[in-house]
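Observations on the three-dimensional arrangement
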Amino acid sequence: MMTITKMLVGKVTDIDTRGSRTFRVNDMEIALFRLSDGEVLAVENKCPHKGGALSEGMVCGTKVHCPLHDWKIDLHSGVAMEPDKGCVVTFDVEIDPNSGSIYVTI
């Protein structure tokens, strides 16, 4: 049985615009990305190609470029852009508009 948990993982101000932060839940590392429009998205921090740390990649629009082989991963869907194939797990993110606290549903 899978348990769904909403976790407080930090504040929006903890992440630079077009930057990232990571946190770990059990055996999975999760990367938070703050896009240029302020949106915060969360994905598994592991490229589906060779396991590169996506949090170390460059964010362009709503995609992150894997630092190892430049695969482009859509941060909304987790899907690799063609011609590459694969995907990473994505997580729902909520931001408290008053406090700026970031909650991720695991």
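Cut-offs and rules
Residues numbered from 1 in each chain as written. Predicted model: local features only at pLDDT ≥ 70, side-chain atom pairs only at ≥ 80, totals over all residues. Heavy atoms only, no water. Pairing = 2+ DSSP bridges. Helix = DSSP H or I, 4+ residues; strand = E, 2+ residues; numbered from the N terminus. Axes fitted to C-alpha atoms, helices over the stretch in contact; angles between N-to-C directions. Buried < 20%, exposed > 50% of the residue type's maximum accessible area, 1.4 Å probe, protein only.

Let us look at the sheet that holds strand β5 (residues 58–60). Within the open sheet, the three strands sit side by side as β5-β6-β7. Their pairing is antiparallel. The two strands at the open ends of the sheet, each matched to only one other strand, are β5 and β7 (72–74). For this sheet, the mean angle separating the axes of adjacent strands, direction not counted, is 30 degrees. The pairing of strand β6 (residues 63–65) with β7 spans three bridges and is antiparallel. Opposite K63, over in β7, you have D74 as the bridge partner.

Moving on, we come to the pairing of strand β4 (residues 40–44). Counting buried positions along β4 gives five out of five residues, so the element sits mostly inside the fold. Inspection of the sheet shows strand β3 (residues 28–34) paired to β4 by five bridges, in the antiparallel sense. By the bridge assignment for β4, A31 is matched with V43. Counting the residues between successive antiparallel strands, the hairpin from β3 to β4 contains five residues, one of them, G38, with a positive phi of roughly 95 degrees.

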